[in-house]
Amino acid sequence: MQDFQDAIVNGAKAEELAALPVPDHYRAAYVRRSDAMMFEGVPSNDKDPRLSIQVGEVPTPELAPDEAYVAVMASSINFNTVWTSIFEPLPTFGFLERLGRESGWGARHNLDHHVIGSDGAGVVIQVGSAVRNWKVGDQVVIHCNYVDDQDPSSHNDSMKAANQRIWGYETNFGGLADLTLVKANQLMPKPAHLTWEESAVNALCASTSYRMLVSNNAATMKQGDIVLIWGATGGLGSYAVQLVLNGGGIPVGVVSSADKVQLLKEMGCEAVIDRRAEDFRFWRDEHTQDESEWRRFGKCIRDLVGEDPDIVFEHPGRQTMGASVFAAKRGGTIVTCAATSGYMIEYDNRHLWMKLKQIVSSHFANYGEAWLMNRLIDRGAIQPTLSASFDLDQVADATRLVHHNEHEGKLGIRCLSPAPGLGITDPEKRARIGEDRITMFQRHQAV
Ligand code: NAP
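Since the structure is predicted, the reported quantities are computational estimates derived from the model, not experimental observations.

1. Concerning the packing of helix 8 (residues 203-213) against helix 15 (residues 367-378)
Logical step 1: In contact at an axis separation of 9 Å, helix 8 and helix 15 are set at 110° when each is read in the N-to-C sense. In terms of axis orientation, helix 8 runs roughly perpendicular to helix 15. In this structure, helix 8 crosses over helix 15, and the sense of that crossing is right-handed. Each of A206, S207, Y210 and R211 in helix 8 lies in contact with helix 15, whose residues at this interface are E369, A370, L372, M373, L376 and I377.
Logical step 2: Here the contact of helix 8 with helix 15 is built from residues that sort into 7 nonpolar, 1 polar and 2 charged.

2. Quick notes on the sheet that holds strand 12 (residues 250-255)
Logical step 1: The 6 strands are arranged 13-12-11-14-15-16 in an open sheet whose pairing can be described as parallel. Unpaired on one side and paired on the other, strand 13 (271-274) and strand 16 (358-361) mark the two borders of the sheet. Between one strand and the next, the sheet's axes are offset by a mean angle of 20°, whatever the strand orientation.
Logical step 2: Strands in contact with helix 10 (residues 258-267) are strand 12 and strand 13; relative to strand 13, the strand with the most contacts, it is inclined by about 170°.

3. Description of the sheet that holds strand 2 (residues 54-59)
Logical step 1: Strand order in the open sheet formed by 3 strands is 2-1-4, and the pairing between neighbours is antiparallel. Strands at the two margins of the open sheet, each flanked by one partner only, are strand 2 and strand 4 (113-115). Geometrically, the sheet is characterised by an average inter-axis angle of 60° between neighbouring strands, direction not taken into account.
Logical step 2: Pairing of strand 1 (residues 25-32) with strand 2 involves 6 bridges; the strand directions are antiparallel. Bridge pairing in strand 2 places A28 opposite G56.
Logical step 3: Along the sheet face, helix 5 (residues 93-102) touches strand 1 and strand 4 and points at about 90° away from the line of strand 4.

About the criteria used
- Residues numbered from 1 in each chain as written.
- Predicted model: local features only at pLDDT ≥ 70, side-chain atom pairs only at ≥ 80, totals over all residues.
- Heavy atoms only, no water.
- Axes fitted to C-alpha atoms, helices over the stretch in contact; angles between N-to-C directions.
- Helix = DSSP H or I, 4+ residues; strand = E, 2+ residues; numbered from the N terminus.
- Parallel < 35°, antiparallel > 145°, perpendicular 65-115°, else oblique.
- Left-handed = near helix turned anticlockwise from the far one by under 90°.
- Contact = heavy atoms within 4.5 Å.
- Nonpolar A, V, L, I, M, F, W, Y, C, P; charged D, E, K, R; others polar.
- Pairing = 2+ DSSP bridges.

Structure follows, in structure tokens:
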């Protein structure tokens, strides 16, 4: 991919890119089927992605008519990178086997290595014969909703398609690589005012938060809504806070350090709870929750904003769901997309039904939702929450940081981009939106 890297960095025209041959191998971060049981018996926290993630050459898959090859300039670490690398809750090779049974093109994915990564920004370098809206040379970002648009169940809302998958997690050929293979309907225009790394970190987390809060497929937030946000400076939470502020809501951010409290204040989130300083113990032991702690948590929120939250933005799961259901306002909504601390959830159902609350599920975003979210970033209404970036060779170290909650916002990975800060093609727009706003998480991390 060296020729593509040189050409892109030197601003080559589409014709020059089209004339370059796509190599039959490329550099990628991947896990191996033969390692899938390597952590058996090891506690989750001790499973080390540095032992399971490899970076090396892999063969280039064949291109289907509805697909594009993208030269990946940058990508990002998502929590699904963590899940894949520690083979929890399941090794991802089962997903690849299932996809492999679906069709001839699907069979390409069922390999003994799984190229990971569900975000990417780069340049289209070849398109299949059925691709209409994209061409070689287009600068793009990639969303991770992978659907077969010839399946009737994928229409209306493609997240409800029978064969919906997350690219780079439930499919092979993900974004943590110098090259990726995507369906044309995963492509969106790269915001011209952002660097490659700033562009690459948004699609997965921002679109997920958008569907959870803004789209009418989940919580349908309105102006004035009070929204309790767990992990408010994390991948999902950092976009959720911005979406609430941008939509005229009132965010209540929960974080776990004074440093993160400070960052939230800088973002304009005035109501903040430091869960570590408050030392909430929602679980007395492994089996018993403590309602008095839920009450103390609820009081904390009322002390800050005077009311219970209309919406609770849930993803930590087992550790927090009892408190989330309790804290939501009468008639309120708990919107959940994950369960980092455990997926066997317990809550007191009396607080749900007697107070007419609802739990709404959400998962990534359909193409329309991802597109609208990308538009908000492109217009400068929502900023990337890139805090630090790494080279592709350091994917395992960066994944380990996310696994251990030692990061803020998003971690970017430079793939073909040879240095930080490249890729801005509209500096005037960047200046208009404001360097300080765009780089808030990067500057905070640097302090
Ligand atoms: P992240 O960057 O690690 O942020 C999560 C934040 O949650 C952390 O920063 C932490 O913040 C907080 N947290 C972690 N454990 C907690 C606990 N036990 N109690 C309270 N807060 C806790 O991860 P992310 O990218 O936001 O993803 C979060 C989860 O959502 C992951 O499980 C991920 O797989 C999932 N996810 C699902 C989708 C989907 O489409 N369904 C999309 C994206 C992510 P503090 O320590 O500061 O409180």
